[in-house]
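# Report on the structure
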Amino acid sequence: MEIFYLGHGCIQVNTLGKTLLFDPFITPNPLAKDIAIADLHPDYIILTHGHEDHVADAEAIAKNSGAKVIANFEIVTWYGQKGIDGHPMNHGGQWPFDFGTLKMVNALHSSVLPDGTYGGNPAGFVLSNSEGTIYLAGDTAVHQDMKLIPEFFTLDLAILPIGDNFTMGIAEAVLAAQFVQAGKVLGMHYDTFPYIEINKEEAIESFKSKGIELILLAIGSSTSLAQD
Ligand code: NI
Ligand code: MN
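Residues numbered from 1 in each chain as written. Chains lettered and ligands numbered in written order. Predicted model: local features only at pLDDT ≥ 70, side-chain atom pairs only at ≥ 80, totals over all residues. Heavy atoms only, no water.

Under the definition given, this model contains 8 aromatic pairs. Consider the rings of Phe-25 and Phe-193, whose centres lie 6.3 Å apart with planes at 65°: the pair is edge-to-face. In this pair, Phe-25 sits in the loop between strand S3 (18-22) and strand S4 (44-46) while Phe-193 sits in the loop between strand S12 (184-188) and helix H6 (200-208), placing the two residues 168 residues apart along the sequence. On the accessibility criterion, Phe-25 (6% relative accessible area) is buried. Taken together, Tyr-44, Phe-97 and Phe-99 form an aromatic cluster joined through their ring pairs. We note Lys-82 situated over the ring of Trp-78; from NZ or CZ to the ring centre the distance is 4.2 Å. Positioned above the aromatic ring of Phe-179 is the side chain of Lys-147, whose terminal nitrogen or guanidinium carbon lies 4.5 Å from the ring centre. (Phe/Tyr/Trp six-rings, centres within 6.5 Å; stacked < 30°, edge-to-face > 60°. Helix = DSSP H or I, 4+ residues; strand = E, 2+ residues; numbered from the N terminus. Buried < 20%, exposed > 50% of the residue type's maximum accessible area, 1.4 Å probe, protein only. Lys NZ or Arg CZ within 6 Å of the ring centre and 35° of its normal.)

Ordered by their spatial adjacency, 7 strands build an open sheet running S6-S5-S4-S3-S2-S1-S14, and the pairing between neighbours is mixed. Unpaired on one side and paired on the other, strand S6 (86-89) and strand S14 (222-224) mark the two borders of the sheet. On average, each strand axis in the sheet is tilted by 20° relative to the strand beside it, whichever way the strands run. Both S4 and strand S5 (residues 68-72) contribute to a ladder of 3 bridges, which runs parallel. Bridging across to S5, Ile-46 finds its partner in Ile-70. This element, helix H3 (residues 73-80), spans S5 and S6 of the sheet and lies at about 145° to S5. (Pairing = 2+ DSSP bridges. Axes fitted to C-alpha atoms, helices over the stretch in contact; angles between N-to-C directions. Contact = heavy atoms within 4.5 Å.)

Non-glycine residue Gln-181 carries a positive phi angle of around 60°. For Gln-181, the position within the fold is in the loop between helix H5 (170-179) and S12. Look at Gln-181 and you get exposed, because its relative accessible area is 57%. Residue Asp-191 is not a glycine yet carries a positive backbone phi of 70°. By secondary structure assignment, the location of Asp-191 is in the loop between S12 and H6.

So, on to H5. Residues Ile-170, Ala-173, Val-174, Ala-176, Ala-177 and Phe-179 constitute the buried set of H5. Here the buried face of H5 lies against helix H4 (149-152), strand S11 (157-161), S12 and H6. Where H5 terminates, the next one or two residues include Gln-181, which has phi positive at roughly 60°.

Attention shifts here to the coordination of the manganese ion (ligand 2). Only Asp-53 (OD), His-54 (NE2), Asp-139 (OD) and His-189 (NE2) from the protein reach the manganese ion (ligand 2) as donors, at distances of 2.1 to 2.2 Å. Donor residues binding the manganese ion (ligand 2) come from one chain and are separated in sequence as D-H-x84-D-x49-H. In this structure the nickel ion (ligand 1) is found 3.2 Å away from the manganese ion (ligand 2), and Asp-139 serves as a bridging donor for the pair. Of the two residues, Asp-139 sits in the loop between strand S10 (132-136) and H4 while His-189 sits in the loop between S12 and H6, which places them 50 residues apart along the sequence. (Donors = N, O, S within 2.8 Å, 3.2 Å for Na, K, Ca; no water.)

Taken in spatial order, the 7 strands of this open sheet run S7-S8-S9-S10-S11-S12-S13, and their pairing is mixed. At either end of the open sheet lies a strand with only one pairing partner, and these are strand S7 (94-97) and strand S13 (213-215). On average, each strand axis in the sheet is tilted by 20° relative to the strand beside it, whichever way the strands run. Strand direction decides the pairing type here: strand S8 (residues 100-106) and strand S9 (residues 123-129), joined by 6 bridges, are antiparallel. Residue pairing across strands places Met-104 opposite Phe-125, the latter belonging to S9.

Shape is all these values report; function is a separate question.
See below:
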């Protein structure tokens with residue numbers, strides 16, 4: 001399983017011959033100017049919530065690639081009206097896709113689509129297959145329901161927002177990593193806007209002081225789950 005950071009909350013996962021793209025926000029993100037959405041050919045686009053900074057490029061990429069949108073019922077319905085194929089889910093549910101099992105879990109945030117349509121409740125996802133198990137939290141505060149995740153999954157990696165103001169900051173994200181029992185965290189949702197700029201060295205040290213590795217990737221680069 002290879003995990004690419006495409007800036008902000010946008011993560012591409014290549015696994016079992018499939019390409020998954022979470023929360024595409026690339027063309028409006030000056031930090032991601034070297035990524036061309038025409039070069040992305042996902043099989044699935046997975047959306048955590050309806051905010052513009054998570055769905056901005058979803059329609060264009062879906063139409064270009066034929067990708068299926070996976071999200072909550074409200075978001076999938078909205079894309080369906082644009083002629084985009086989707087798979088609706090809701091919290092607590094999981095489905096055995098051809099890339100592995102995907103479970104929709106709680107996130108503590110808000111959700112509205114770019115035109116003001118109700119966006120349902122925001123979510124995170126746990127992806128599990130023979131190559132590994134990862135939790136992508138979406139935009140969220142730390143919350144007690146995160147403790148349910150290790151009841152069902154042993155995580156190889158948690159992908160957590162760390163930029164503060166709109167989501168968890170570093171201290172909360174360290175606690176979230178402990179709640180989900182992840183020894184390795186990939187940081188996201190930081191530095192895109194002045195409100196969410198972070199000190200990366202301090203962030204890495206904060207996680208390290210609790211025995212957790214924080215990975216911060218350059219936009220366009222990737223990390224692989226170690227095979228053991
Ligand atoms: Ni958001
Ligand atoms: Mn966001």
